[in-house]
Amino acid sequence: MRWGCHLPRASWGPGLGRVLQPADERIPFLIHWSWPLKGERPLGPPRAFIRHHGSSAGSGPPSGRHGQLFQDIAAAEAIQRHRQNLAEWFSRLPREERQFGPTFALDTVHVDPVIRESTPDELLHPLAELALEHQPPSAGLPPLALSQLFDPDACGRRVQTVVLYGTVGTGKSTLVRKMVLDWCYGRLPAFKLLIPFSCEDLSSLGPAPASLFQLVAQRYTPLKEILPLMAAAGSCLLFVLHGLEHLNLDFRLAGTGLCSDPEELEAPAAIIVNLLRKYMLPEASILVTTRPSAIGRIPSKYVGRYGEICGFSDTNLQKLYFQLRLNQPDCGHGAGGVSATPAQRDHLVQMLSRNLEGHHQITAACFLPSYCWLVCATLHFLHAPTPPGQTLTSIYTSFLHLNFSGEMLDSTDPSKLSLMAYAARTMGKLAYEGVSSRKTYFSEEDVRGCLEAGIQTEEEFQLLHVFRRDALRFFLAPCVEPGHLGTFVFTVPAMQEYLAALYIVLGLRKTTLQRVGKEVAELVGRVGEDVSLVLGIMAKLLPLRALPLLFNLLKVVPRVFGRVVGKSREAVAQAMVLEMFREEDYYNDDVLDQMGASILGVEGPRRHPDEPTEDEVFELFPMFMGGLLSAHNRVVLAQLGCPIKTLDAVENAQAIKKKLGKLGRQVLPPSELLDHLFFHYEFQNQRFSAEVLGSLRQLSLAGVCMTPLKCTVVAAVLGSGRHALDEVNLASCQLDPAGLRTLRPVFLRARKLGLQLNSLGPEACRDLRDLLLHDQCQVTTLRLSNNPLTAAGVALLVEGLAGNTSLKHLSLLHTGLGDEGLELLAAQLDRNQQLQELNVAYNGAGDTAALALAKAAREHPSLELLHLYFNELSSECCQALRDLGSTPEGSARVVVSLTEGTAVSEYWSVILGEVQRNLNSWDRGRVRRHLELLLRDLEDNRGATLNPWRKAQLLRVEGEVRALLEQLGGPGG
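So, how was this worked out
Residues numbered from 1 in each chain as written. Predicted model: local features only at pLDDT ≥ 70, side-chain atom pairs only at ≥ 80, totals over all residues. Heavy atoms only, no water. UniProt positions renumbered as here; feature names shortened; annotations may be inferred. Helix = DSSP H or I, 4+ residues; strand = E, 2+ residues; numbered from the N terminus. Areas by Shrake-Rupley, 256 points an atom, 1.4 Å probe, with all protein chains shown as cover. Axes fitted to C-alpha atoms, helices over the stretch in contact; angles between N-to-C directions. Parallel < 35°, antiparallel > 145°, perpendicular 65-115°, else oblique. Contact = heavy atoms within 4.5 Å. Nonpolar A, V, L, I, M, F, W, Y, C, P; charged D, E, K, R; others polar. Phe/Tyr/Trp six-rings, centres within 6.5 Å; stacked < 30°, edge-to-face > 60°. Buried < 20%, exposed > 50% of the residue type's maximum accessible area, 1.4 Å probe, protein only. Lys NZ or Arg CZ within 6 Å of the ring centre and 35° of its normal. Salt bridge = Lys/Arg side-chain N within 4 Å of Asp/Glu carboxyl O. Pairing = 2+ DSSP bridges.

- Taking an unreviewed UniProt entry as the reference, the chain is identified by name as NLR family member X1 belonging to Physeter macrocephalus.
- Regarding the chain, the relevant UniProt record gives this comment under Subunit (unreviewed entry): "Homohexamer. Interacts with MAVS. Interacts with TUFM."
- Here is the UniProt Sequence similarities (unreviewed entry) comment for the chain, exactly as written: "Belongs to the NLRP family."

What about the overall build of the chain?
Part 1 of the argument: The number of helices and strands found in the chain is 38 helices and 19 strands.
Part 2 of the argument: In the form shown here, the chain has an accessible surface area of approximately 40100 Å², with 54% of it arising from carbon and sulfur atoms.

Notes on the packing of helix H31 (residues 762-773) against helix H32 (residues 790-803)
The description of two helices packed together rests on the angle between their axes and the distance between the axes.
Part 1 of the argument: For the pair H31 and H32, the least separation of the axes is 8 Å and the interaxial angle reads 5°. Classified by the interaxial angle, the pair formed by H31 and H32 is roughly parallel. Here Pro762, Cys765, Arg766, Leu768, Arg769, Leu772 and Leu773 of H31 come into contact with H32, specifically with Thr790, Ala792, Gly793, Leu796, Leu797, Glu799, Gly800, Leu801 and Gly803.
Part 2 of the argument: Grouping the constituent residues of the contact of H31 with H32 by class yields 9 nonpolar, 4 polar and 3 charged.

So, the packing of aromatic side chains
Part 1 of the argument: For the structure shown, the criterion picks out 28 aromatic pairs.
Part 2 of the argument: Between Phe683 and Phe688 the ring centres are 4.6 Å apart and the planes differ by 80°, which places this aromatic pair in the edge-to-face class.
Part 3 of the argument: Since its relative accessible area comes to 5%, Phe683 is described here as buried.
Part 4 of the argument: Residue class for Phe688 comes out buried when judged on its relative accessible area of 6%.
Part 5 of the argument: One aromatic cluster in this structure is built from Tyr371, Trp373, Phe399, Phe404, Tyr422, Phe467, Phe474 and Phe475.
Part 6 of the argument: The cationic tip of Arg83 hangs over the ring face of Trp183; the distance from NZ or CZ to the ring centre is 4.2 Å.

Structural notes on the pattern of salt bridges
Part 1 of the argument: This structure, assessed with the given rule, holds 36 salt bridges.
Part 2 of the argument: For the salt bridge of Glu122 with Arg116, the shortest nitrogen-to-oxygen distance reads 3.0 Å.
Part 3 of the argument: Glu122 gets classed as partly exposed once you look at its relative accessible area, which sits at 25%.
Part 4 of the argument: The partner of Arg291 in a salt bridge is Glu407, with the nearest N and O atoms 2.3 Å apart. Of this pair, Arg291 sits in the loop between strand S6 (285-290) and strand S7 (305-309) while Glu407 sits in the loop between helix H13 (392-404) and helix H14 (419-436), placing them 116 residues apart in sequence.
Part 5 of the argument: The class of Arg291 is buried, set by a relative accessible area of 2%.

Some points on the environment of Leu181
Part 1 of the argument: Among the secondary structure elements, Leu181 is positioned in helix H4 (residues 172-184).
Part 2 of the argument: Given a relative accessible area of 5%, Leu181 falls into the buried group.
Part 3 of the argument: Leu181 sits 95 residues away from Leu86 along the chain, and the two C-alpha atoms are 7.6 Å apart.

What to know about unusual backbone geometry
Excluding glycine, residues mostly have negative phi values, and the peptide bonds linking residues are mostly trans.
Part 1 of the argument: Unlike most non-glycine residues, Leu281 shows phi in positive territory, near 50°.
Part 2 of the argument: Relative to the helices and strands, Leu281 is located in the loop between helix H8 (268-276) and S6.
Part 3 of the argument: Overall, the relative accessible area of 8% leaves Leu281 in the buried class.
Part 4 of the argument: One non-glycine residue with positive phi stands out, namely Gln734, at about 55°.
Part 5 of the argument: Considering the arrangement of structural elements, one finds Gln734 in the loop between strand S11 (725-729) and helix H29 (737-742).
Part 6 of the argument: Residue Gln734 is classed as exposed on the basis of its relative accessible area, which comes to 57%.

Structural notes on the sheet that holds strand S10 (residues 698-700)
Sheet strands line up and pair through hydrogen bonds in the backbone, either parallel or antiparallel.
Part 1 of the argument: Pairing in this open sheet of 8 strands is parallel, and the strands run S10-S11-S12-S13-S14-S15-S16-S17 from one edge to the other. Edge positions in the open sheet fall to S10 and strand S17 (893-895), since each of these has one partner strand only. The mean inter-strand angle of the sheet, taken between neighbouring strand axes irrespective of direction, is 10°.
Part 2 of the argument: Relative to S17, strand S16 (residues 865-867) is paired through 3 bridges, and the arrangement is parallel. Across the sheet, residue Leu865 finds its bridge partner in S17, namely Arg893.

Take a look at the structure:
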């Protein structure tokens, strides 16, 4: 991965309903968002807006009798009800949008895509072979604003029919949705009545006859009362025909007769043809949206203006979109009730803007508004609390569902092949070949080879032509990286890995043996059963007993083919697992950090993600394979025309489990272990994960930045397991109290829990106290060193210690306890009867507090070891502590120095090991002072003993201390 909205198509139909307050005509039109609404739209006027060139307001009011047509009270009330119903219907959002919170709303902000006026001559020019390059605007034809669509043309002629076209993902549906809402709130005064039709809805009616008035009345009940007025409405009546590619129109008189009566029964396609001919309601205005391949279905003589929706071809529009979209005040709200701070949102926007300014590959991708939506959805997934069940695979599947749901490749083709199924077969093949050969740059020959593979008939060439014009730019983009100009890349790097995984799980990758063998095996199996039955009957009458045995062998053929297919699945599973556990990737970032860096770029001296690498990494490929096998994603893919059979999913899962069981037992670096857990999170199958991870005993994620998403991943995968974890090491993971709460199910399974170096403060101790008091807690070792817990935090911890029965080793090294914290421990230590070791070294405690805790430790029934070194203790206190350790009462040993009398303490390596591990995080001056005192103590004891063995031991430890002093820049000699 090296980089670094589309709004759902409206489903229009009957059932429009709730009343809305009239719009405030005085509110100016300001910037809205290009994406659909995230929640219920409030009644009344819209929220704050900012003026932008994309406004659809500003058209002049109608003149003459047409302007007075709907002034009748009954007609005005009917139109107002129609506005209210349309606003309610078009404000609704699909599930894919609602999951990201209330800020994904069309009335919050909107950035209009660039609309370039084009001419019929341009539409007749043959396209480039791959049609990937964006065509520059024609000279003398500046970009169009929405308010200019129905302005007179260059010759001064009135424009009545406008055709807007654009490839998949350029924002056609969002533009229509926004225009309808603008009309609902009074921001299109040129049109007194707007009637939107979904051509997908009309195509579902087939040839069943109906009149135009019936079509309107069935979908918009309030308009029944004013149907007779529509014929005289003139240009103030606007029909919006969205998705013309769904209708097969025939403008020949022999195919579609003339009809001017809106009450005459005709097929829906015939009604649309006569509206476009201007033979029915000739004065009405019509706005058509379509994909490029269907432009020719309307003869150009019936079109007054063509406009190409070019998406965000201006980088400033991309930056404006991201700035408004990511800076929404409540953009960070998630399932956990935690919101991203304004500083965090600003940081994301700044990094993303810098990446866009660098004109990296992400800029080429965000040319399509739909990919801007995907970028924001991915950042929301990575940086905000994750809703239950949401995965990266589900985001990409939802993204494709928003863009391709209900889309056929060509409505005129009898096969009715879904656009997504065709893309999976062609683009999936290219993506998988890239993954298998470890490349992300593709030549024109590579692309053409995958697109044209297996094409033999004229119909297949026609389908390819439609795909090239309508959807190829959605998946592939010209490469803008130096050294790779002239090649193509997938629009986003992760999309290549997603499509490669989809190509595999759909079973589209077949060898010649598999393709031929399947047909032969099925044929031979059927024939063998019939022939064996006949010969079995004949053998009872004739001496042919050997023949049934021969034909019974034919039944073996399907089984042999089944084994061949099984071997193929195992080979794919093997390749997937090897990709997941490549040793070359052991010490790179985890896959989630890689995704964030590809979108936001990286800071500092590290290599930029846009720069080519020596060896491409495809660590998302196995994640997507697991995610696509989950039940939820299979349901959505089936709606897209890409069904994954349950039996195939089960067999693929079994093959993956078999390979994971062998390779998954090895000890992995923290980043690779997190990737392994993320694969299980994407798969969303607890039984599968429990079987594969049943042998996991150590969870070491030290050094991994545990974001809310990563905490959710670990908790979801390991929180429901039954076997205990010997150790959970989360040192230096930037954990916060919210992360501790998320990970509590995992902590309850741990015996050793390491939370060092996480900047956990007193508020985190409340969650640790609740963990220790939980009846299922089995933690025996808790390491909290190098966290600013302070005495306030210890006050909460001792409450947990009082009710805990499992904890035996507690490390509070360098936690800022001071005298108050040690005195609190001394007073409450007897409330716990199981503790065996307590480390309170390097806490700035004085003589009185240390002596009090030492006395309490000596009286404790189970405590065996108390660490007090590196505190602010006088030599007299140190001697008193040594003397206390030599008394017969109690069993706890107090470690205060590297020596015990004139001998080396048996814990000297423990003390120096702690110093070595924390040399870069502790106060260097303070550590140097303590080491100098220890060195002086060693030298004094060496001079006081005559035992040569002890002298040698003391000299060895002195050398270790001097080495540490040299690292600190102190006098080592």
